[in-house]
Amino acid sequence: MPNIGVPGLILILIIALIFFGPAKLPELGRAAGQTLREFKNSTKGLMDDATEDSKVDEDAEKEKMINK
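Residues numbered from 1 in each chain as written. Predicted model: local features only at pLDDT ≥ 70, side-chain atom pairs only at ≥ 80, totals over all residues. Heavy atoms only, no water.

J.: Tell me about the packing of aromatic side chains, and name the residues and values.
T.: All chains considered together, the criterion is met by one aromatic pair. For the ring pair Phe19 and Phe20, a centre distance of 4.8 Å and an interplane angle of 85 degrees mean the geometry is edge-to-face. (Phe/Tyr/Trp six-rings, centres within 6.5 Å; stacked < 30°, edge-to-face > 60°.)

Quick look at the structure:
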C-alpha cells in the first residue's frame, strides 16, 4: 500500500473540512484521540494479563520440577 504523503493528507483534510465544517473538526479529532487512547490502554491491559499468566504458568512448572 503506497504512502499517502502530504498532498493526499491535505486533500483528505480539505474534504473533511467541507463535509463536517470547521466547528465539528476539533470535536471529531478529540473523539478519535480518545478512541485511540482507550484502544491502546485496552491492548496494554491484555498484554499485561498475558504476561502475568505466563509467569504464573512458569512458576507452576518450576514448582512441579522442584517437588519431583
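Text resumes after the structure shown.
J.: Lay out a nonpolar patch on the surface in plain terms, naming residues and giving numbers.
T.: On the surface, a nonpolar cluster with roughly 400 Å² of combined accessible area is contributed by Ile4, Leu9, Ile12 and Leu13. Within the fold, Ile4 resides in the segment before α1 (5-20). According to the relative accessible area criterion, Ile4 is exposed, its value standing at 57%. (Patch = residues over 30% accessible without salt bridge, like charges linked within 9 Å, V, L, I, M, F, W, Y side chains within 5 Å. Areas by Shrake-Rupley, 256 points an atom, 1.4 Å probe, with all protein chains shown as cover. Salt bridge = Lys/Arg side-chain N within 4 Å of Asp/Glu carboxyl O. Helix = DSSP H or I, 4+ residues; strand = E, 2+ residues; numbered from the N terminus. Buried < 20%, exposed > 50% of the residue type's maximum accessible area, 1.4 Å probe, protein only.)

J.: Give a description of the pattern of salt bridges that names residues and reports values.
T.: Applying the stated criterion to the full structure yields one salt bridge. Across the salt bridge formed by Lys24 and Glu27, the nearest N and O atoms sit 3.6 Å from each other. For Lys24, a relative accessible area of 42% puts it in the partly exposed group. For Glu27, a relative accessible area of 44% corresponds to the partly exposed category.

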